[in-house]
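Architecture and fold: a report
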Amino acid sequence: MLCSMAIRMKEWGMQAYPRQGVHLPVNSLNDWGRTGKVLGQGVAEAGEGMAALVPVIDKVARAGKTADVAAMLDEIGRETADELAHLPVRDWNYSWQQAYAPRVQEMLNQFTGEERQQALELSEVYGRRYSLEGRRNLELERIHQARRQWQERVDSAVQRGDEKAACQWVEQGRGVFVPEAEMQQTLSSTRSRSLQCSWQQQLQQNPYSALADWQSAESRKPEGEKEKSLLESEMQKTREGLFSRLAGQLSLAVEQGDEPDARLLEQAAAAGVIPGEMLELAQQPRSALGLAESCDWLRRIDEREPGTEEQLVLRIATAPIPAEQRRLLMQRLRATADLPPGKLSSTSRTLWNLYRNGRFGCPGDAAAMQSLGRLQEEALQRLATRPEKETADWLAQLRREENNWVCFE
C-alpha cells in the first residue's frame, strides 16, 4: 500500500494538462438562463457529494484515531481551496490535484507503517471533501459575480434614464436573478426609477422646459409614490430657485430702465414659476401711476412681510407702468432693505391712519394724497438717517396737530 501511494502521488504530478474545461458564459451577460442552470447544477452536485462524505470521514477518523492527521488535513484542505479561489481555474479537478497532492505528500513523510496507511486513506477522503467544498464556493462566487454584473447593467441604464434598456436587462434576469413571481413588480420599479432619473436630467439641462412638461397631464410620470414624491420635491426646489434667479434678473433690468424680457416671463409662467396674472399684467399697455396708486405702492413696499421681497420685485417688474416709475419703486425697495422691518411698517401704518382720519385733508383729495406721499418720503429719510426716538417724536407731533380740514360729501 505504501508503494501504491507513492506511485499514485507521482502519477498525479506527471499528468498532462487537460483540455480546457467547460467555460460558463458569465462574462458576455447574454444567456442568463443557461448560466444560472449550469452553475446551480454544479453547486447542487457539490452539496450532495459533501453530504455523502460526512459518515465516511467520521468512520475513518474513529477507526484510525487520527485526530492529529485530521487537523493537518483540515489545514491543507483549507489552504488549497483558498489558493485556487484566487486563481483563474479552468479545470477544477486537475487544478485541485496539482495543488493538493504536494501538500499531502509532505505530510505523509512524517508517518510510517500503519499510521502512514491510515493517513493516506484519510487524505483521500478529506481531499474529496474540500475539493467539493472549494468547487461549490467557486461556483457560488461566479453566480454572485454574474448577478453583480447584471445589476450593474440595470442600474447603469436606470441612471441614464434609459427605461427601455433597463427593462431589457431586467428581462434578461427573468427566472435567474428575478423570480417569476416578482417580475412585474421589478419591471414597474425599474420603469419608475428610470423615469425619475430622466426627469432629473431634464431639470438640470432645461429647468423651465422640464417644469412646463411636468405640469402637462400628458407627461409620463413615475408610477412609484416614492419616486414621484421625490420628484415633486425637486420640482418645487427648482421652481423656487428659478423664482429667486428671475427676481434678481428683473430687478437689475428695471433699475437699468429696461423692459422685462417677455420671452423669459412667458417661460416662467408656463413653468409655474410666476402666476399667469403677472404675465398678463406685463403684457398690458403702460399707464402712469396716479397719486393714490403711487402712495399705495409705497405703502405696500414699506409694510411688506419679511421674506416677501422677491415677490414684490416681480410685482414691480411686471406692473403695467412706465419704466421710470418702476425704477423709482425698485429703488425704494432697495433703500428700505436694511431698515428694521418692524419700525418701517409701524411708521407706514401710523401715516395711513392719520391720512384716513383726515389729518392731511379729506381722504382721497389730491392735496391730502400729496401730503401723504411727501410724509412717506420724509419717513424713509428719517428712519435711514436719524435716531429712532427722533422719528417717534416726529410721528407724535403729527398726531397732535389740529385738523383744520372740512370734508364735504
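For the structure, check the block above.
Notes on the structure in this doc start here.

The rules we used
- Numbering of residues starts from 1 in each chain and follows the order in which that chain's sequence is written.
- Owing to the predicted nature of the model, reporting of local features is limited to residues with pLDDT of at least 70; listing and counting of side-chain atom pairs is limited to 80 or more, with chain, interface and lining totals taken over all residues.
- Excluded from the side-chain calculations are hydrogens and water; all other atoms, namely the structure's heavy atoms, are used.
- A helix here means a DSSP run of H or I that spans at least four residues, while a strand means a run of E at least two residues long, and both kinds are numbered starting from the N terminus.
- Partly exposed residues are those whose accessible area sits between 20% and 50% of the maximum for their type, while under 20% is buried and over 50% is exposed, using a 1.4 Å probe and protein chains only.
- Residues are treated as being in contact if the distance between any of their heavy atoms lies within 4.5 Å.
- Only the protein chains shown count as cover for residues, and the accessible areas themselves come from Shrake-Rupley with a 1.4 Å probe.
- To estimate the expected span of a helix, subtract one from its residue number and multiply by 1.5 Å.
- Bending is quantified residue by residue as the angle between axes fitted to the seven-residue window ending at that residue and the seven-residue window starting at it.
- The term polar contact refers here to a pair of N or O atoms within 3.5 Å; inside protein, the definition further demands a hydrogen-donor-capable atom paired with an acceptor-capable atom, and it admits residues adjacent in sequence only when both atoms are side-chain atoms.
- Only the stretch in contact is used when fitting a helix axis, every axis being a line fitted to C-alpha atoms; angles between N-to-C directions are given from 0 to 180 degrees.
- Orientation labels follow simple angle bins: below 35 degrees gives roughly parallel, above 145 gives roughly antiparallel, 65 to 115 gives roughly perpendicular, and whatever is left gives oblique.
- Think of it as three bins: nonpolar holds Ala, Val, Leu, Ile, Met, Phe, Trp, Tyr, Cys and Pro, charged holds Asp, Glu, Lys and Arg, and polar takes everything else, Gly as well.
- Note on convention: the crossing is left-handed when the near helix lies turned anticlockwise from the far helix by less than a right angle, right-handed when the turn is clockwise.
- Residue types Ala, Val, Leu, Ile, Met, Phe, Trp, Tyr and Cys, when buried and joined through side-chain atoms within 4.5 Å, form a set referred to as a nonpolar core.
- Salt-bridge detection follows one rule: a side-chain nitrogen of Lys or Arg within 4 Å of a carboxyl oxygen of Asp or Glu.
- Any two rings among Phe, Tyr and Trp, with Trp reduced to its six-membered ring, count as a pair given centres within 6.5 Å; such a pair is stacked if its planes are under 30 degrees apart, edge-to-face if over 60, and tilted if neither.
- Our definition puts a charge over a ring when NZ of Lys or CZ of Arg is within 6 Å of the ring centre and also within 35 degrees of the ring normal.
- Arc definition: directions from the helix axis to the C-beta atoms.

**What about the overall build of the protein?**
Of regular secondary structure, the protein possesses 17 helices and 0 strands. Sorting the 409 residues of the protein into buried and exposed places 39% on the buried side. Counted over contacts in the protein with a minimum sequence separation of 6, partners at least 24 positions apart contribute 71%. With the model as given, the accessible surface of the protein reaches about 23300 Å², and the carbon-plus-sulfur share is 49%.

**Quick word on helix 4 (residues 92-108)**
Spanning 17 residues, helix 4 covers 24 Å between terminal C-alpha atoms, matching the ideal 24 Å at 1.5 Å per step. By the largest-angle criterion, Tyr 100 marks the main kink of helix 4, which is about 30 degrees, and a proline, Pro 102, follows within four residues. All of the buried residues in helix 4 are Trp 92, Tyr 94, Ser 95, Trp 96, Ala 99, Tyr 100, Ala 101, Val 104, Met 107 and Leu 108. N-cap assignment for helix 4: the residue whose side-chain oxygen lies 3.4 Å from the backbone N of Asn 93 is Asp 91.

**Some details on the packing of helix 5 (residues 113-160) against helix 7 (residues 183-205)**
One can describe the packing of helix 5 onto helix 7 by two numbers: an axis separation of 6 Å at closest approach and a directional angle of 40 degrees. Taken together, the axes of helix 5 and helix 7 lie oblique to each other. Residues Asp 155, Val 158, Gln 159 and Arg 160 of helix 5 lie in contact with helix 7, whose contacting residues are Thr 190, Arg 193, Ser 194, Cys 197 and Gln 201. Among the residues making up the contact of helix 5 with helix 7, the classes are represented as 2 nonpolar, 4 polar and 3 charged.

**Quick look at the environment of Arg 315**
Looking at the secondary structure, you find Arg 315 in helix 13 (residues 309-318). In the structure, Arg 315 is positioned 68 residues away from Ala 247 in sequence and 9.6 Å away in space, judged by C-alpha atoms.

**A few points about the packing of helix 12 (residues 291-302) against helix 13**
Their axes nearest at 11 Å, the elements helix 12 and helix 13 cross at an angle of 160 degrees. Taken together, the axis directions place helix 12 and helix 13 in an arrangement best described as roughly antiparallel. When you trace helix 12 past helix 13, the crossing you get is left-handed. Seen from helix 12, the contacting residues are Trp 297, Arg 300 and Ile 301; seen from helix 13, they are Leu 312, Arg 315 and Ile 316. Residues belonging to the contact of helix 12 with helix 13 are distributed by class as follows: 4 nonpolar, no polar and 2 charged.

**Details of the nonpolar core**
Tyr 208, Leu 246, Val 273, Ile 274, Leu 314, Ile 316 and Leu 329 are the most contacted members of the largest nonpolar core, which totals 38 residues. Breaking this core down by element, the ones donating at least two residues are helix 7, helix 8 (207-214), helix 9 (225-255), helix 10 (262-270), helix 11 (276-282), helix 12, helix 13 and helix 14 (323-335). Here the element with the most residues in this core is helix 9; it accounts for 8 residues. With residues up to four places along the chain from it excluded, the contact list for Leu 246 reads Tyr 208, Leu 264, Ala 268, Ile 274 and Leu 314.

**A look at the pattern of salt bridges**
Evaluation of the coordinates by the stated rule reveals 25 salt bridges. A salt bridge links Arg 103 to Glu 79; its shortest N-O distance comes to 3.6 Å. Pair noted here: Arg 103 is in helix 4 and Glu 79 is in helix 3 (residues 67-85), with a separation of 24 residues, a long-range link. Glu 79 gets classed as partly exposed once you look at its relative accessible area, which sits at 38%. Between Asp 162 and Arg 160 there is a salt bridge, with its nearest N and O atoms 3.7 Å apart. You can call Asp 162 partly exposed: its relative accessible area is 30%. A residue is classified by how much of its surface remains accessible, and Arg 160, at 46% relative accessible area, is partly exposed.

**Some details on the packing of aromatic side chains**
In total, this model carries 6 aromatic pairs according to the counting rule given. Where Trp 352 meets Tyr 355, the ring centres are 5.6 Å apart and the plane angle is 80 degrees; that geometry is what we call edge-to-face. Of this pair, Trp 352 and Tyr 355 both sit in helix 15 (residues 341-356), 3 residues apart, roughly one helical turn. Grouped by ring-pair contacts, the aromatic residues Trp 92, Trp 96 and Tyr 100 constitute a single cluster. Between the NZ or CZ atom of Lys 221 and the centre of the ring of Trp 214, over which it lies, the distance is 5.1 Å. Just above the ring of Trp 352 sits the side chain of Arg 299; from NZ or CZ to the centre is 4.7 Å.

**What to know about helix 10**
Of all the positions in helix 10, only Leu 264, Leu 265, Ala 268 and Ala 269 are classed as buried. Along the axis of helix 10, the buried residues cluster in a sector spanning 135 degrees; they form a single face. Contact partners of the buried residues in helix 10: helix 8, helix 9, helix 11 and helix 13. Structurally, the start of helix 10 carries an N-cap: the backbone nitrogen of Arg 263 is 3.0 Å from a side-chain oxygen of Asp 261. Directly after helix 10, the chain includes Gly 272, whose backbone phi takes a positive value near 80 degrees.

That's the geometry; what it means functionally is another story.
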